[in-house]
Amino acid sequence: MIDPWGSNQYFDYEKLMKEFGINAPDNFFDHYLFRRHLIFGQRSIEYIEYAIKNNIKFNAVTGLMPSGAMHLGNKITIDQIIFFQGLGANVFISVADLESYATRNISFERAREIAINNYIVNYISLGLKPCNIYFQSDDKDTQRLAFILSNETNMTELKAIYGLTDSSSMLHVNSPLIQASDVLHSQLKKFGGPRPTVVPVGVDQDPHIRLMRDLASRLRIYNVSLKDGHILISIKGTMDSKKFIDEAVSLLNNYELSYNYDYRTIELKNAGEDNKTEIDIKLSFLESKFNDLDFIAPSATFQKLETGLKGGKMSSHVPDSLISLNDTEEDAKRKIKASLTGGRKTIEDQKIYGGDPERCPVYELYMYHDKDDANVQRVYEECRGGVRMCGACKSEAAEMISSLLKDLNEKRDESMSKVHEYLSHE
Ligand code: SF4
């Protein structure tokens, strides 16, 4: 069971991919997070690739929980969002202040301060351009949509996905619906209607992704599937199918097709798996004429979680396990100096056998935060080859992180003055 509320650190990503049907990304995206397989999985990323190749607008959506400091482990999500924004994505960021109120007893006013000072300012300093950032407690669109989505699921399904029991908190029932609404509302008519939408997440969020994809599909009129290797389009609902079939047939007239009003289906003989994304996207654009709740099932990328400096997950309960983006350079250096490593017990052994970068939180600092592929490769080879000692390696990593923090600190005032350009409804 993948638990979105748990504190487990997942390491066996291949097993997770097999068990939960997560696919590896292809080589379409040229970014160090993809090249280094720190983004190890995806669902339906071909929708985003299709949008980019065909100049179709697409969205990138994420959320932040305003409950503490933004740390290096959170940075991978916003790094991706900034990357997708650079490729043309319309970005939506939800501040989950309802959730921080419910789970951490943080007032809305305090959540607002934390979100702006600890997160949004750093996002801007890291390169995020103006976008739609909103507070869940303010946003009527997401609240209304969450209510509508609640009619599309039931307790049996939520129990199966999340392992809920009769004594589970209602928060665990509501929270997935609000998260689904956060993502799907970016496709409401007022934001341009249905669009391919990518959500970068840790694998612990996959239950939410699966639920929101199912909910999106349930609200669609046109359902595109594969039957015996070719495309089958079904018209859902009980309304007269003729109008929907005629419109779809006219849209897809470049395919060899047959249709049946009674069975509410269209079969495309010369279209298969390779055409499915294109047909689904085209039909969703057509469907938006008839359906205000027409959403393209969101795509997801899955990122590996950066290991804490003390091993395990980075956790605010263990302050020395993480480096906050608001930490001083001195604090960061001290924490890195005290970090666990994958080094041998003695310098002699390190020289003979080499270190183990794959089990080293210091090496992860390079992997996640040093954009220079050649330098990361050098660190790896020198460590493995026994010519790199952990003390010097930590000092180099500390300089790299310290320069990142210095840069963020220098940009802070300017970024703060721009926050209002990012906040919706203000
Ligand atoms: S040399 Fe660096 S990368 Fe290798 S184990 Fe030591 S700290 Fe980690």
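Scroll up to find the structure this text is about.
These remarks concern the structure in this document. (Residues numbered from 1 in each chain as written. Predicted model: local features only at pLDDT ≥ 70, side-chain atom pairs only at ≥ 80, totals over all residues. Heavy atoms only, no water.)

Looking now at the overall build of the protein chain. In terms of regular secondary structure, the protein chain is built from 17 helices and ten strands. For a compact globule of 426 residues, the expected C-alpha radius of gyration is about 22 Å, and the protein chain comes in at 23 Å, within 12% of that figure. In terms of principal-axis extent, the alpha carbons of the protein chain reach across some 80 × 50 × 45 Å. Across the 426 residues of the protein chain, 53% fall into the buried class. Of the contacts formed within the protein chain by residues at least 6 apart in sequence, a portion of 74% connects residues at least 24 apart. As displayed, the protein chain has an accessible area near 19,700 Å², and 49% of this comes from carbon and sulfur atoms. Side chains of the protein chain carry 51 positive and 61 negative charges; the gap between the two charge centres is 1 Å. (Helix = DSSP H or I, 4+ residues; strand = E, 2+ residues; numbered from the N terminus. Rg over C-alpha atoms; globule rule 2.2 N^0.38 Å. Buried < 20%, exposed > 50% of the residue type's maximum accessible area, 1.4 Å probe, protein only. Contact = heavy atoms within 4.5 Å. Areas by Shrake-Rupley, 256 points an atom, 1.4 Å probe, with all protein chains shown as cover. Lys, Arg positive; Asp, Glu negative; His and termini not counted. Charge placed at Lys NZ, Arg CZ, Asp CG, Glu CD.)

Here we take up the site of the ligand. The local shell around the ligand consists of T341, G342, G343, Q350, C360, V362, Y363, C383, R388, C390 and C393. Secondary structure elements with two or more residues in the shell around the ligand: α15 (361-369) and α17 (390-418). Among the residues making up the shell around the ligand, the classes are represented as six nonpolar, four polar and one charged. (Near = heavy atom within 4 Å. Nonpolar A, V, L, I, M, F, W, Y, C, P; charged D, E, K, R; others polar.)

We now examine the sheet that holds strand β8 (residues 257-260). Sheet strands associate in pairs through backbone hydrogen bonding, adopting either a parallel or an antiparallel arrangement. Taken together, four strands build an open sheet; the order of strands is β6-β7-β9-β8 and the sheet is antiparallel. Unpaired on one side and paired on the other, β6 (222-227) and β8 mark the two borders of the sheet. Strand-to-strand twist in this sheet, taken as the mean axis angle between neighbours without regard to direction, amounts to 20°. Bridge count between β6 and strand β7 (residues 230-235): six bridges; the pairing is antiparallel. The residue of β7 that forms the bridge with V224 is I233. Running over the sheet, helix α12 (residues 273-287) touches β6, β7 and β9 (265-268) and is turned about 165° from β6. (Pairing = 2+ DSSP bridges. Axes fitted to C-alpha atoms, helices over the stretch in contact; angles between N-to-C directions.)

Soluble, globular proteins show a tendency: their nonpolar side chains are buried together. Among the nonpolar cores identified, the biggest contains 69 residues, and F84, I93, I120, L128, I133 and I401 are the most heavily contacted of them. It is helix α6 (residues 108-126) that provides the largest number of residues to this core, a total of nine residues. Viewed by domain, this core spans two of them, domain 1 (13-219 + 295-303) and domain 3 (319-421), each represented by three or more residues. Once residues within four sequence positions are removed from consideration, I133 is found in contact with I93, V95, I120, L128, Y422, L423 and S424. Counting residues in hydrophobic clusters, the runner-up holds 33 residues, among them L177, V199, I209 and F295. (Core = buried A, V, L, I, M, F, W, Y, C linked by side-chain atoms within 4.5 Å. Domains from an automatic or database assignment.)

Here we take up the sheet that holds strand β5 (residues 197-202). Taking strand neighbours across the sheet as the criterion, the six strands line up as β1-β10-β5-β2-β3-β4 in an open arrangement whose pairing is mixed. Edge positions in the sheet fall to β1 (39-43) and β4 (132-135), since each of these pairs with one other strand and no more. Taken pair by pair, the neighbouring strands of this sheet meet at an average axis angle of 25°, ignoring direction. Bridge count for strand β3 (residues 90-95) against β4 is four bridges, and the pairing is parallel. Considered in β4, the bridge of I93 is made with I133.

Another aspect to go through is helix α5 (residues 97-104). Of all the residues in α5, the buried ones are D97, E99 and S100. For α5, the buried positions fall inside an angular range of 155° around the axis, keeping them on one side. Just beyond α5, the residue with positive phi is N105, at close to 60°. (Arc of directions from axis to C-beta.)

Next up on the list: a negative patch on the surface. Taken together, D26, E46, E273 and D274 make up a surface patch of like negative charges. Take E46: it is sitting in helix α3 (residues 46-53). The exposure class assigned to E46 is partly exposed, which follows from its relative accessible area of 36%. (Patch = residues over 30% accessible without salt bridge, like charges linked within 9 Å, V, L, I, M, F, W, Y side chains within 5 Å. Salt bridge = Lys/Arg side-chain N within 4 Å of Asp/Glu carboxyl O.)

A word on the pairing of β7. Every regular strand shows the same layout, with side chains that alternate between the two sheet faces. The element β7 is extensively covered by neighbouring structure, given that five of its six residues are classed as buried. Counting the residues in the hairpin turn of β6 and β7 gives two residues, including D228, whose phi is positive at 50°. Sheet topology note: the β7/β9 ladder contains four bridges and is antiparallel. Each residue of the ladder has a partner; that of L232, found in β9, is E267.

Tallied over the entire structure, the rule returns 34 salt bridges. Between D320 and R334 there is a salt bridge whose closest N-O contact spans 3.5 Å. Taken together, the residues span a long stretch of sequence, with D320 in the loop between β10 (299-303) and α13 (329-337) and R334 in helix α13 at a distance of 14 residues. Assessed through its relative accessible area of 29%, D320 is described here as partly exposed. The residue K335 makes a salt bridge to D327 at a minimum N-O spacing of 2.8 Å. The same class applies to K335 as to D327, namely buried. Connected through salt bridges with shared partners, the residues D30, R35, R36 and D373 form a single ionic network.

That's the geometry; what it means functionally is another story.
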